[in-house]
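Single-letter residue listing:
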Amino acid sequence: MNNSEFITVIEDVVSTSAIENTIDNLKSPPGRKPDEKLVKQSTWFNSLSDSDKDMVKSIISDSVNESVFGFLCVLDDVRSISDSGDSNNLKLIHGDTVLNDIEDECLHDLYKNV
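Bear in mind that the values here come from a model prediction, so they are computed numbers and not experimental data. (Residues numbered from 1 in each chain as written. Predicted model: local features only at pLDDT ≥ 70, side-chain atom pairs only at ≥ 80, totals over all residues. Heavy atoms only, no water.)

### Considering the packing of aromatic side chains
For clarity, the threshold we go by: Aromatic pairing here means that ring centres of Phe, Tyr or Trp (its six-membered ring) are within 6.5 Å. Orientation follows from the plane angle: under 30 degrees is stacked, over 60 is edge-to-face, and everything else is tilted. Placement of a positive charge over a ring is assigned whenever Lys NZ or Arg CZ falls within 6 Å of the ring centre and within 35 degrees of the normal to the ring plane.
Across all of its chains, the model carries zero aromatic pairs by this definition. Stacked on the ring of Phe-45, the Lys or Arg Lys-53 has its end atom at 5.8 Å from the ring centre.

### Topic: a nonpolar patch on the surface
Note the cut-off: Nonpolar side chains (Val, Leu, Ile, Met, Phe, Trp, Tyr) are joined into patches within 5 Å and like charges within 9 Å, using only residues with over 30% relative accessible area and no salt bridge. For accessible areas, the Shrake-Rupley method is used with a probe of radius 1.4 Å. Any residue's cover is judged against the shown protein chains and nothing else. When a carboxyl oxygen of Asp or Glu is within 4 Å of a side-chain nitrogen of Lys or Arg, the pair counts as a salt bridge. Categorising residues by exposure relies on relative accessible area from a 1.4 Å probe, with only protein chains included: less than 20% of the type maximum marks a residue as buried, more than 50% marks it as exposed, and the intermediate range marks it as partly exposed.
Together, Met-1, Val-9, Val-13 and Val-14 make up an exposed nonpolar region whose accessible area comes to about 300 Å². Since its relative accessible area comes to 38%, Met-1 is described here as partly exposed.

### Topic: the state of the cysteines
Here a disulfide denotes one covalent bond, and it connects the sulfur atoms of two cysteines. Which entries qualify depends on this criterion: To count as a disulfide, a pair of cysteine sulfur atoms needs to be within 2.5 Å.
Counted under the stated rule, the structure contains zero disulfides. Cys-73 supplies the cysteine sulfur nearest to Cys-106, a cysteine that is in no disulfide, at a spacing of 8.4 Å. Residue class for Cys-106 comes out partly exposed when judged on its relative accessible area of 23%.

### Describing the environment of His-108
Rules: The helix count covers DSSP runs of H or I at least four residues long, the strand count covers runs of E at least two residues long, and both are numbered beginning at the N terminus. Only heavy atoms matter for contacts: two residues are in contact if any of them lie within 4.5 Å across the pair.
Turning to its location among the elements, His-108 is positioned in helix α4 (residues 107-110). Not counting the four nearest positions on each side in its chain, His-108 is found in contact with Phe-69, Leu-72, Cys-73, Asp-76 and Val-78.

### Re the nonpolar core
To be explicit about the condition: Joining through side-chain atoms within 4.5 Å is the link that ties buried Ala, Val, Leu, Ile, Met, Phe, Trp, Tyr and Cys residues into a set, and such a set is a nonpolar core.
Formed by 18 residues in total, the largest nonpolar core has its most connected members in Phe-6, Ile-7, Val-56, Ile-60, Val-68, Leu-72 and Leu-107. Elements represented by at least two residues in this core include exactly α1 (3-27), α3 (50-75) and α4. Sequence-distant contacts of Leu-72, defined by excluding residues within four places in its chain, comprise Phe-6, Ile-7, Leu-107, His-108 and Tyr-111.

### Section: a negative patch on the surface
Note the following rule: Residues scored as charged are limited to Lys and Arg (positive) and Asp and Glu (negative), so that His and the chain ends carry no count. Lysine's charge is taken at NZ, arginine's at CZ, aspartate's at CG and glutamate's at CD.
The grouping of Glu-103, Asp-104, Glu-105 and Asp-109 at the surface amounts to a negative patch. Turning to its location among the elements, Asp-109 is positioned in helix α4.

### Considering the packing of helix α2 (residues 36-46) against α3
Quick note on the threshold: Structural elements are reduced to axes, namely lines fitted to C-alpha atoms, with helices fitted over the stretch in contact, and the angle between N-to-C directions of any two is expressed from 0 to 180 degrees. Orientation is classified from the angle alone, with under 35 degrees giving roughly parallel, over 145 giving roughly antiparallel, 65 to 115 giving roughly perpendicular, and any other angle giving oblique. By the convention adopted, Pro, Cys, Tyr, Trp, Phe, Met, Ile, Leu, Val and Ala count as nonpolar, Lys, Arg, Asp and Glu as charged, and the other residues, Gly among them, as polar.
Between α2 and α3, whose axes approach to 9 Å, the crossing angle comes to 130 degrees. Overall, the two elements α2 and α3 adopt an arrangement that is oblique. Contacts from Trp-44, Phe-45 and Asn-46 in α2 reach Lys-53, Val-56 and Lys-57 in α3. Residue composition of the contact of α2 with α3, grouped by class: three nonpolar, one polar and two charged.

### Description of the pattern of salt bridges
In total, this model carries two salt bridges according to the counting rule given. Lys-112 serves as the salt-bridge partner of Glu-11, at 3.2 Å between the closest nitrogen and oxygen. Taken together, the residues Glu-11 in helix α1 and Lys-112 in the segment after α4 connect sequence positions 101 residues apart. Judged by relative accessible area, which is 19%, Glu-11 ranks as buried.

Nothing here speaks to function; it is all geometry.
Written out as structure tokens, the structure reads:
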């Protein structure tokens, strides 16, 4: 797996599923006794007009994508997680391949461009 293939998988397995699961949970909370907070959110969401529901879905999608993008920035060492601003020094390895090699295209640049 190379970095481009990794991003394609992340987009499918993480981003798309997070968006779809969040929307599905809003439409119909899972479980026999769903969390009260989710039930309230669902009641509110289901009372919205179709255009308002579409706007909420768009906001959820943007939020998920911003989160994944930010995490990829951390992996690419362009966004620090250190208080001192030092390098994150993180290596993402699949098999023998470093997926966030600084010599290759950055993961966050590949995200949403695949």
